[in-house]
Amino acid sequence: MPKVLVLYYSSYGHIEKMAEAVAEGAREAGAAVDIKRVPELVPQEIAAKSHFKLDQKAPVAKVEDLAEYDAIIIGTGTRFGRMTSQMANFLDQAGGLWARGALNGKVGGAFTSTATQHGGQETTLFTIITNLLHFGMVVVGLDYGHTGQTTLDEITGGSPYGASTIAGGDGSRQPSENELTGARYQGRKIAEVAKKLHG
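Residues numbered from 1 in each chain as written. Predicted model: local features only at pLDDT ≥ 70, side-chain atom pairs only at ≥ 80, totals over all residues. Heavy atoms only, no water.

Worth spelling out the cut-off: UniProt positions are given in the numbering used here, feature names are shortened, and annotations may be inferred rather than shown by experiment.
The name an unreviewed UniProt entry gives the protein is NAD(P)H dehydrogenase (quinone), with Rhizomicrobium electricum as the organism. One UniProt comment on the protein, placed under Sequence similarities (unreviewed entry), says "Belongs to the WrbA family."

What about the overall build of the protein?
Quick note on the threshold: In this description a helix means any DSSP run of H or I spanning at least four residues, a strand means any run of E spanning at least two, and both kinds are numbered starting from the N terminus. Burial status follows relative accessibility: with a 1.4 Å probe on protein chains alone, a residue under 20% of its type maximum counts as buried, one over 50% as exposed, and anything between as partly exposed. Any two residues whose heavy atoms approach within 4.5 Å at even a single point are treated as in contact. Computed with the Shrake-Rupley method and a 1.4 Å probe, the accessible areas treat only the protein chains shown as cover for residues. All tallies of charge rest on Lys and Arg as positive and Asp and Glu as negative; His and the ends of each chain are not included. Where a charge lies is defined by one atom per residue type, namely NZ (Lys), CZ (Arg), CG (Asp) and CD (Glu).
When its secondary structure is counted, the protein shows 6 helices and 7 strands. For the protein, the succession of helices and strands along the chain, N to C, is β-α-β-α-β-β-α-α-β-α-β-β-α. Taking the principal axes of the C-alpha coordinates as reference, the protein spans close to 40 × 40 × 25 Å. Taken over 199 residues, the protein has a buried fraction of 51%. Of the contacts formed within the protein by residues at least 6 apart in sequence, a portion of 75% connects residues at least 24 apart. Carbon together with sulfur atoms contributes 53% to the accessible area of the protein, which is approximately 9,100 Å² in total. Looking at charge distribution, the protein has the averaged site of its 19 positive side-chain charges lying 4 Å from that of its 21 negative ones.

Re the UniProt feature "binding site: substrate" (unreviewed entry) in the protein
The sites that carry the UniProt feature "binding site: substrate" (unreviewed entry) are, in the present numbering, Trp98. Of note, tryptophan 98 is situated in helix H4 (residues 95-99). Overall, the relative accessible area of 53% leaves tryptophan 98 in the exposed class. When neighbours within four sequence positions are excluded, tryptophan 98 is seen to be in contact with His134 and Phe135.

Quick notes on the packing of aromatic side chains
Note the following rule: Whether two aromatic rings pair depends on their centres lying within 6.5 Å, for rings of Phe, Tyr and Trp, where Trp uses its six-membered ring; planes under 30 degrees apart make the pair stacked, over 60 edge-to-face, and the rest tilted. Both a distance and an angle decide whether a charge sits over a ring: NZ of Lys or CZ of Arg must be within 6 Å of the ring centre and within 35 degrees of the ring normal.
Tallied over the entire structure, the rule returns 2 aromatic pairs. With a centroid separation of 5.3 Å and 80° between ring planes, the pair formed by tyrosine 12 and phenylalanine 52 is classed as edge-to-face. Placement of the pair is tyrosine 12 in the loop between strand E1 (3-9) and helix H1 (14-28) and phenylalanine 52 in the loop between helix H2 (44-49) and strand E3 (71-79), with a sequence separation of 40 residues. For tyrosine 12, a relative accessible area of 45% gives the class partly exposed. Note on phenylalanine 126 and tyrosine 161: the rings are 4.5 Å apart at their centroids and 45° apart in plane angle, and the pair reads as tilted. In this pair, phenylalanine 126 sits in helix H5 (residues 121-134) while tyrosine 161 sits in the loop between strand E6 (138-139) and strand E7 (163-166), placing the two residues 35 residues apart along the sequence. Sitting over the ring of tyrosine 69, lysine 3 keeps its end group 5.1 Å from the ring centre.

Concerning the layout of surface pockets
Applicable threshold: Of the grid points, spaced at 1 Å and generated over the protein atoms alone, those admitting a 1.4 Å probe that cannot get out make up cavities, while open sets with protein on both sides within 12 Å along at least five of seven lines make up pockets; any residue with an atom within 4 Å of a point is treated as lining. Grid points are joined across faces, edges and corners, and a volume is the space filled by probe spheres set on the points. Each residue is assigned to one of three groups, with Ala, Val, Leu, Ile, Met, Phe, Trp, Tyr, Cys and Pro labelled nonpolar, Asp, Glu, Lys and Arg labelled charged, and all others, Gly among them, labelled polar.
There is about 360 Å³ of room inside the largest pocket. Lining the largest pocket are 21 residues; nearest its centre among them are Tyr12, Arg79, Ser113, Ala115 and Ala167. Elements with a minimum of two residues in the lining of the largest pocket: H1, E3 and strand E5 (107-114). With 3 residues, the top contributor of residues to the lining of the largest pocket is E3. Of the residues belonging to the lining of the largest pocket, the class tally is 6 nonpolar, 13 polar and 2 charged.

This is the structure we're talking about:
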């Protein structure tokens, strides 16, 4: 049974919801899954004034946790077309794991959220994927077995590089069922690949 970590940062809850769907998909493939989040860098009073979702249940990850898993699926919102500073800060601390090759051959994937359709989803996914490749990981995206990413029936996230959602400029739009289905699909695929490589 592969061990999968869904590691995320979520300011407003959209990525938290996507992380739960990714984990659900990985569990469907028979994986043991943990959901953890990276530490918040914004002071508590600023986060509260900015209406951040402060009641997230996932435990806070430690960098050394990454070595314990066969697959790591990373999700974070977008900041100007790249990953959030909270996630970047966390991954920047993994130099020791990189130096000893602790993540070589593990399976990785990425998912994200933006305010708008063209708000940098793919560039953000690439910033995460770049990290995964430098860690020596095998990257699994969202293949076209999830046909929902090609639909023209609705505005939706999703690309070959990873699952995604669109939050709306004011954050009021929640992940759609199609986007959550894509997240589950990607989680399942990553767990299946991890099982083949490490099972």
